[in-house]
Every structure is written in C-alpha cells, then in structure tokens.
Amino acid sequence: MSDREEKPASMKLWGGRFASGPSEVFERFSGSLSFDRRLLEADVRGSMTYARELHRAGILSAEERDRLLAALEEIRREAAAPDYFDGADDEDIHTFVIRKIKEKAGEAAGKIHTGRSRNEQVSLDTRLWLRDEIDRGLELLVGLEEALLALARRHREAVIPGYTHLRRAQAVLWPHYLLAWFEIFLRDAERLRFARRQGNRLPLGSGALAGSAFPFDREAMARELGFEGITRNSMDVAGDRDFVLDYLFAAAMIMLHLSRLAEDWILYSSEEFGWLELGDEVTSGSSLMPQKKNPDALELIRGKAGRVWGSLSSLYVTVKGLPMTYNRDLQEDKVPLFEAADELNGSLEMMRVVVESADLREEVAARAVEESWVVATDLAEALARRGVPFHRAHQIVGRLVLESVRAGKKPKDWTPEALAAFAPEFTPEMADLLDPAAGMRTREVPGATGPRAVAAALEAAEERLREFKP
Ligand code: ARG
C-alpha cells in the first residue's frame, strides 16, 4: 500500500504539479518548521518590506498591501504566545507565515509570493536573524572586555608569574596579562563585524536563481531593512552560505579563546596555583566531597567550544560539494547556526559574569613570583647591557640558578656582595634586579609589561573599545 496521503497537494506552495501529496515519511523527514520557526520575526519583517514593494511595483493595490501588512503585524504579535506553533504541520516557516496571512487577509494573501522564491526568502531571513544575533554577540563581547579592564584596574600594580610551557617564566603585571585577553577579544570583535558585513546585503530580487521579473527597487528595499546594499548576483545568492560560515568561523574562534581563558583560570584558581579566586556564584560543590569548589562554569565554556567548532565543520562539509545554485541540503544550515549562536552568546555572557566574580590574591601571586627564578632573564639582560655577550651572560645566570636550586636559595637570599663574589661581571646595582618589580621596569617598549607601558596600554584599551560600543 502506498503511504501517500489523501491530503490535497494544493495545500503546499507548490502543489499544482503533483497528482498526490507527499508521503507522511517524506513530510516528517523534510519539514523544518520545528527549528526554522526561530526565523518568524525575520520572515515577517522581510514580508512587510516585500508587500510594500509589491505595491510600488503595481502588483498590490494600496488596500491589499495594507491588509497584508495588518495581517503580518498581527502574526508578529500572536507569535509571542508560547503555544503559537502547536499543531502546525507546515513545511517550513515561510509556508507557515503565508498560511497565516491567508487565514487573516484572504484572497490578497495569494499575491504575497509574486515573483518571490523561498530560496531568496530563506537567505533574507537568515541574514536578518543573524545580524541581530551578531549585534547581541558584539554587545556581550564588549561587556566581557569591560569586565576584564575593570579587573585590571582593580590591581594595577600586582605582579603575577607569566608562564611558558606552564613553567614560571617572567614576571608580568596582572593588567598586562588581562590586556592580552583584551587584545584577543578585540580581534574577535573585528571578526564578528566582518561576518556582519558579509551578510548585510539584501538578497530579495534574486528570485529562485535567475532574478526577479518584476521591476523592484532593490536599493529601496535594502534601505528599508537596514542593509548596507544589495547582493550583486542572483545565482550567487541562491547557493551562498558564506556569510553563515564567516559567522561560524568567528564564533568558533571566539569559543577557542574563551576555552583557553577558561583553562587558564581553572588552573590559576586551583590549589596548586592558588592565586586566583573565583566567585561562589559561578562555582559549584560536590554531592559527596564537602570541601569542593569546582569551576563548572569555566569547564562548561571549555566544553561548549567543541560543539561550536562542530557547527562550523558541519556546515562546511554540507556546502562543499553542492552544485550551483540552491540545493535542499542548505536547509541543514540552520541547526548548526542556531546552536552555535546560542552557545556563543551564552558562553560570552557566562564568561563576563565569571570575570566579574573573580579576584586576584595578590600576595599569593607575589609569593609565586618571588619564590621562583623569574628574575633570571632580567639579570642576564643587565649583564648584556654592561657589555657581556648575551650567551656568556646567560651562562653565568644559569649557573647562579643551578647553584641556588642546589642550595635552596631564592633570589632574595642573595646579597649584592654574594652576587659579586659569584661572578665578577655582576655589579652591586644588579642586585636590585633580584626584585622582580625592578626587572619589569626595564621593559617599557610599547606592548611590554613595564608599568608605564601597561598604564598607557590600559588607557588606550578603554579608548579602542569605545569604537565597538553601539
Ligand atoms: N526550508 C527551505 C530551506 O531552509 C526553504 C527554501 C526552500 N526552497 C526550495 N527550493 N525547496 O532551505
């Protein structure tokens, strides 16, 4: 027995050519309303502009246009109800909205799709939806940057160990460390902006693939919908998801950075490092071990990074083998896009709250710096400034460290006399550099961790961030 339904195929936007309707299995398999319903607001917005344009082009009378606009406005209002989609079995959000218009505006509704294809419509809706989502992401990113700067200002002079290979390497100012993250996330803001620009062009007028046969003023529609301009080739539009991929790349990159920051702070707040404190409000306890204070928020951010990368690779693989122009495969763009946007914006917000909750334990960080030999490079460079060839200077200080490690001596245990006795190249003033803060003061080129360079960078950061505020 055939599983073709008796339902008339004319219920579809494309029913005429078919003698019978789609099988129940195919309908279930191909329907996208369960997820693309998130495009409703964008679909309504785009359809309103389209209705106005249909009137300007002489397809709709003023009265028909107004009836459609009123219907669309009503749909937008009703859609706020949580049960709005209950029982709907339309193929996708575009079909759903058209059915709703028909229910409200009757005959005139039959004209809304004149000269329009869902191929351009889905592109339009996705662009509108994504633009809002990017704006939200940018706002959250700016919020995170502000939290980082506030935390930097709270401990302007604090010193922490900077690591390479996860070994204490050189002393750096706490604000210098946070400004590194500031730079990273500012580049990410640029990436989001780039993705925004890529999608911010009006595709309407492209038709299914060959372009519209009606004399639409595309530039006027673009202006009305806040686009920077119009797309330039109708075939390109039908098969193009580059703007989504650009966004997903930006999202994956931001998640990569959030994940690395999360990893840093999971380590720094652990008992083994111990110089960063996470707020109670972003940590959780153990159901068994009463002493635990676990960095779950950060672990989840780190965990979600993988999913966002998955979204990028998912769509990349979906698109890579598609022949020009539209293919239904493209419908599979939405789930990864929605998921990535949700996880990205959720993680950005979470990270901001974590940063706001966090605090530096200055004394513990200072102890970690002083206990280690992070001043070794400062000493070697001081020797080099006095004319000792650097390789020789490196050798001398290396031996000093070896001797100290053997004798259990910290830098502070060395007196100027003992230092001079160790190697004649050492002058008494060089003993000042046994204090890590002194070594930091020698690093004042732009971009370095010297106090003046960092103060200037901090001030510049506030200014540079301003450009990204709405
Ligand atoms: N639901 C479809 C999508 O998301 C809309 C476009 C349908 N176009 C088509 N030729 N079947 O891609």
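About the thresholds
- Position numbers for residues count from 1 along each chain, tracking the sequence in the order it is written.
- Local features in a predicted model are, by the rule used here, given only for residues with pLDDT of at least 70; side-chain atom pairs are given and counted only at 80 or more, and totals for whole chains, interfaces and linings are based on all residues.
- Each side-chain value is worked out from all heavy atoms of the structure, with water and hydrogens disregarded.
- Working definition: helices are DSSP H or I runs of at least four residues, strands are E runs of at least two. Numbering for both runs from the N terminus.
- To get the radius of gyration, use the C-alpha atoms; to get the globule rule, take the number of residues to the power 0.38 and multiply by 2.2 Å.
- The buried label goes to any residue with under 20% of its type's maximum accessible area, the exposed label to any with over 50%, and the partly exposed label to all in between, with areas taken from a 1.4 Å probe on protein chains only.
- Note on contacts: a residue pair is in contact if any heavy atoms of the two residues lie within 4.5 Å.
- Positive residues here are Lys and Arg, negative ones are Asp and Glu, while His and the chain termini are left out of the count.
- Note that the charge is assigned to NZ on lysines, CZ on arginines, CG on aspartates and CD on glutamates.
- Residues enter a nonpolar core if they are buried and are Ala, Val, Leu, Ile, Met, Phe, Trp, Tyr or Cys, with the set joined through side-chain atoms within 4.5 Å.
- To estimate the expected span of a helix, count its residues, drop one, and scale the result by 1.5 Å.
- Polar contact is the term for a pair of N or O atoms within 3.5 Å; when the atoms are in protein, one must be able to donate a hydrogen and the other to accept it, and sequence-neighboring residues count only if both atoms are side-chain atoms.
- Proximity is defined per residue: if any heavy atom of the residue lies within 4 Å of a molecule or strand, that residue is considered near it.
- Residue-level accessible areas treat just the shown protein chains as cover; the underlying method is Shrake-Rupley with a 1.4 Å probe.
- Each residue receives one of three labels: charged for Asp, Glu, Lys and Arg, nonpolar for Ala, Val, Leu, Ile, Met, Phe, Trp, Tyr, Cys and Pro, and polar for the others, Gly being one of them.
- Of the two site types, the cavity is a set of points on a 1 Å grid over the protein atoms alone where a 1.4 Å probe fits but cannot get out, and the pocket is an open set with protein on both sides within 12 Å along at least five of seven lines, each lined by residues with an atom within 4 Å of a point.
- Grid points are joined across faces, edges and corners, and a volume is the space filled by probe spheres set on the points.
- Pairing between two strands is assigned when DSSP locates at least 2 bridges connecting them.
- Scored between 0 and 100, pLDDT is the confidence that the predictor attaches to each residue.

## Section: the overall build of the chain
Helix and strand counts for the chain stand at 18 helices and six strands. For 470 residues, the compact-globule estimate of 2.2 N^0.38 gives 23 Å, and the C-alpha radius of gyration of the chain, at 31 Å, exceeds that figure by more than 25%. In terms of overall dimensions, the chain has C-alpha extents of about 100 × 55 × 40 Å along its principal axes. Counting every position in the chain, which comprises 470 residues, the buried fraction comes to 50%. In the chain, once contacts between residues fewer than 6 apart in sequence are set aside, the share between residues at least 24 apart is 74%. Between the averaged position of the 65 positive side-chain charges in the chain and that of its 79 negative side-chain charges there is a distance of 2 Å.

## As for the nonpolar core
The biggest cluster of nonpolar side chains holds 142 residues, and the ones touching the most others in it are I101, W174, Y247, W265, W275, M351 and F426. By residue number, the principal contributor to this core is helix α10 (residues 242-268), which donates 16 residues.

## Side note on helix α6 (residues 118-154)
An ideal rise of 1.5 Å per residue puts 54 Å on 37 residues; α6 measures up with 53 Å between its terminal C-alpha atoms. Most of α6 sits inside the fold, with 29 of its 37 residues counted as buried. N-cap assignment for α6: the residue whose side-chain oxygen lies 2.8 Å from the backbone N of N119 is S117.

## Considerations on the site of the ligand
Residues in close proximity to the ligand include S32, D92, H94, R118, N119, V122, Y326, Q331 and K334, which together make up its full environment. Take D92: an N or O atom from its side chain is 3.0 Å from a nitrogen atom of the ligand. With respect to the ligand, the side chain of Y326 contributes an N or O atom lying 2.5 Å from an oxygen atom. Here the ligand loses 87% of its free accessible area of 340 Å² to cover by the protein chains. A class-by-class count of the residues in the shell around the ligand yields two nonpolar, four polar and three charged.

## Regarding empty space enclosed by the protein
Within this structure, the stated rule accounts for two cavities of 30 Å³ or more. Size it by volume and the largest cavity reaches roughly 50 Å³. In terms of residues, the lining of the largest cavity owes the most to one element, α6, which gives four residues. Of the residues contributing to the lining of the largest cavity, the split by class is four nonpolar, two polar and three charged. Its boundaries defined by the atoms lining it, the second largest cavity holds a volume of some 40 Å³. Of all the secondary structure elements, the ones that give two or more residues to the lining of the second largest cavity are β2 (167-173) and α17 (436-441).

## Some remarks on the pairing of β2
Where a strand is regular, its side chains alternate between the two sheet faces. Sheet topology note: the strand β1 (residues 159-164)/β2 ladder contains six bridges and is antiparallel. Note that in β2 the partner of Y163 across the bridge is R168. The antiparallel pairing of β1 with β2 creates a hairpin that spans two residues between the two strands, and H165 there sits at a positive phi of about 55°.

## Some remarks on the confidence of the model for the chain
In this model, the chain carries an average pLDDT of 95, and 98% of its residues clear a pLDDT of 70 or more. Every residue in residues 1-10 scores below 50 in pLDDT, and together they form 19 contacts with partners more than four places removed in sequence or on other chains.

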